[in-house]
Amino acid sequence: MPSSRYLEIAEALRQAILAGEHPVGARLPSESDLAARWSASRGTVRQAVGLLAQEGLIGSRQGARRVVLRQELRHSFQQLNSFAQWAHAMGREPSSLILSRVTRAANPEEASRLGTTPGAEVLHVLRLRRLDGEPVLVERTAYTDWVAPAVRELPDDCVSIMNSIAENAGIVAHYGEHLIDAVAAGSEDARLLRVRRGSPLLRQRYLTYTASGRTIEWTDDRYRAGTVAFSVSNSAAAAPLARTAGPDMTPPPGAGSPSSATGS
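Source: prediction; values computed, not measured.

Asks: Can you lay out the overall build of the chain for me, pointing to particular residues and giving the numbers?
Replies: A count of helical and extended segments in the chain gives eight helices and eight strands. Split into buried and exposed, the 264 residues of the chain put 46% on the buried side. A sequence separation of at least 24 residues applies to 66% of the contacts in the chain between residues at least 6 apart. Put simply, the chain shows about 13000 Å² of open surface, and 49% of that area lies on carbon and sulfur atoms.

As structure tokens, then:
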């Protein structure tokens, strides 16, 4: 039997889950039933369901029928929303825990992205984000010096830093630039997200700006595989900038049109 057989079975099961054939909370057929359906060995089926468990679509409990945990969670790039706003819109319960807040000199990439001088102070925040109690995202953010005081005042379990600093300090994000790629989980990411070291993670890095073009943060978000999909809509007829901006709403040089959900 070809070694890719388990990948074919995993993809078929994945599509069935995303299509709602196996709703959240439902149990998958037993390994023996799946093996019979696919004319495959139980070992091959075990590899397939194990892959879906790594992606977080089904439970990882051994010796029992797997339970569907979630379906596709999609971020849209049409609006600038926080992780918490997006989660609530999907009917999920977000939670967060700030693991560390350290004031230090900006590294070369942070200084370049934030438009500060090399060595300027930034507040670096490490945060773990959860959906329905399950870890899905490790967030590392460098905040500029003018934003840092507002972030320092927040409790460790603040669900949304973006919403909180907007309400408490009037710091509102209007524009975002996003870079998306895949990386392998390092030791810290693997421990926090409960995956194997070297497992694939979806990385989203982004800058956010105020309406006047002042930088707020540079963030590196790393999602567990299978926990989020990013949605982008394109149109040949679309204008380069769809929003109407007033005198103080001009995007900074190099900033694109309003983008997706940020992790804060």
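Asks: Pulling in residues and values, what's your account of unusual backbone geometry?
Replies: The general pattern is negative phi for most residues beyond glycine and trans for most peptide bonds. For S39, which is not glycine, the phi dihedral falls at a positive 50 degrees. Topologically, S39 is positioned in the loop between helix 2 (31-38) and helix 3 (42-55). Not every positive phi belongs to a glycine, and R194 is a case in point at roughly 60 degrees. Since its relative accessible area comes to 56%, R194 is described here as exposed.

Asks: For the pairing of strand 7 (residues 215-224), give the residues involved together with the corresponding values.
Replies: Within strand 7, 10 of the 10 residues are buried, which leaves it mostly tucked inside the rest of the structure. Direction of pairing for strand 4 (residues 134-143) relative to strand 7: antiparallel, over a ladder of seven bridges. In the strand pairing of strand 7, V138 is matched with R222. By the bridge criterion, nine bridges tie strand 6 (residues 200-209) to strand 7 in an arrangement that is antiparallel. Bridge pairing in strand 7 places L207 opposite W218.

Asks: Talk me through the packing of aromatic side chains; I want residue IDs and the actual numbers.
Replies: All told, the structure shown has zero aromatic pairs when counted by the stated rule. Its guanidinium or amino end placed over the ring of W146, R214 lies 4.0 Å from that ring's centre, counting from NZ or CZ.

Asks: Can you tell me about the environment of L128, naming the residues and giving the values?
Replies: With respect to the helices and strands, L128 occurs in strand 3 (residues 121-131). L128 gets classed as buried once you look at its relative accessible area, which sits at 4%. Each C-alpha atom of the pair L128 and L192 lies 7.3 Å from the other, and the pair is 64 residues apart in sequence. With near-sequence residues (within four places) excluded, L128 lies in contact with S95, S96, L97, L99, P135, L137, V138, L192 and L193.

Asks: Just give me the short version of helix 7 (residues 161-169), but keep the residues and values in it.
Replies: Along helix 7, the residues classified as buried are I161, M162, S164 and I165. The arc enclosing the buried residues of helix 7, seen along the axis, measures out at 165 degrees, which places them on a common side. On its buried face, helix 7 is in contact with strand 2 (94-105), strand 3, strand 4, helix 6 (148-152) and strand 7. For helix 7, the capping residue at the N-terminal end is S160, with a side-chain oxygen 3.1 Å from the backbone nitrogen of N163. Two residues or fewer past helix 7, G170 is found with a positive phi of approximately 70 degrees.

Asks: For the confidence of the model for the chain, give the residues involved together with the corresponding values.
Replies: Averaged over the chain, the pLDDT score is 80; the fraction of residues at 70 or greater is 74%. Here strand 1 (residues 74-76) is the element of the chain with the lowest mean pLDDT, 49, and helix 6 is the one with the highest, 97. A low-confidence stretch, residues 238-261 (pLDDT under 50), is modelled with 52 contacts involving residues beyond four sequence positions or located in other chains.

Asks: I'd like a rundown of the pattern of salt bridges, residues and numbers included.
Replies: Inspection of every chain in the model, using the stated rule, returns 17 salt bridges. A salt bridge links E8 to R5; the nearest nitrogen and oxygen atoms lie 3.2 Å apart. Pair noted here: E8 and R5 are both in helix 1 (residues 5-18), with a separation of three residues, about one helical turn. Of the charged contacts, one joins D220 and R203 as a salt bridge, the two residues approaching to 3.7 Å between their closest N and O atoms. Of this pair, D220 sits in strand 7 while R203 sits in strand 6; the two residues are 17 residues apart in sequence, bridging distant segments of the chain. Like R203, D220 is buried.

Asks: Break down helix 1 for me, citing the residues and quoting the values.
Replies: Helix length check: helix 1, at 14 residues, gives a terminal C-alpha distance of 20 Å against a target of 20 Å (1.5 Å per residue), a fit within 8%. Of all the residues in helix 1, the buried ones are R5, I9, A10, L13, R14, A16 and I17. A positive phi of about 90 degrees marks G20, the residue just after helix 1.

Asks: An account of the sheet that holds strand 3 is requested, with residue identities and associated values reported.
Replies: In spatial order, the strands read 2-3-4-7-6-5; together these six strands make up an open sheet with antiparallel pairing. Only two strands of the sheet have a single neighbouring strand rather than two, namely strand 2 and strand 5 (175-184). In this sheet, neighbouring strand axes are inclined to one another by 15 degrees on average, regardless of whether the strands run parallel or antiparallel. Strand direction decides the pairing type here: strand 2 and strand 3, joined by 11 bridges, are antiparallel. From the neighbouring strand, S100 faces strand 3, where its bridge partner is L126.

Conventions we followed
Residue numbers here run from 1 along each chain, matching the order of that chain's written sequence. Reporting in this predicted model follows two pLDDT cut-offs: at least 70 for local features of residues, and 80 or more for side-chain atom pairs to be given and counted; totals over whole chains, interfaces and linings ignore these cut-offs and use all residues. To obtain the side-chain values, all non-hydrogen atoms of the structure were used and water was disregarded. Numbering of helices and strands runs from the N terminus, with a helix taken as a DSSP run of H or I at least four residues long and a strand as a DSSP run of E at least two residues long. Think of it in three bands: residues with accessible area under 20% of the maximum for their type are buried, residues over 50% are exposed, and the middle band is partly exposed, with areas taken using a 1.4 Å probe on protein chains only. Contacts: residue pairs with any heavy atoms within 4.5 Å of one another. Method for areas: the Shrake-Rupley scheme with a 1.4 Å probe, in which residue coverage is limited to the protein chains shown. The rule for pairing is simple: two strands pair if DSSP sees at least two bridges between them. We call Phe, Tyr and Trp rings a pair once their centres come within 6.5 Å, taking the six-membered ring for Trp, and we label the pair stacked below 30 degrees between planes, edge-to-face above 60, and tilted otherwise. Here, a charge over a ring is recorded when the distance from Lys NZ or Arg CZ to the ring centre is within 6 Å and its angle to the ring normal is within 35 degrees. Our arc is simply the arc of the directions from the helix axis toward the C-beta atoms. Polar contacts, as counted here, are pairs of nitrogen or oxygen atoms within 3.5 Å of one another; within protein the pair requires one atom able to donate a hydrogen and one able to accept it, and residues that are adjacent in sequence qualify only if both atoms are side-chain atoms. Each residue carries a pLDDT value, the predictor's own confidence for that position, ranging from 0 to 100. For this analysis, a salt bridge means a side-chain nitrogen from Lys or Arg found within 4 Å of a carboxyl oxygen belonging to Asp or Glu. To estimate how far a helix should reach, multiply one less than its number of residues by 1.5 Å. An axis is simply a line fitted to the C-alpha atoms; with a helix, the fit covers only the stretch in contact. Between two such axes, the angle follows the N-to-C directions and lies from 0 to 180 degrees.

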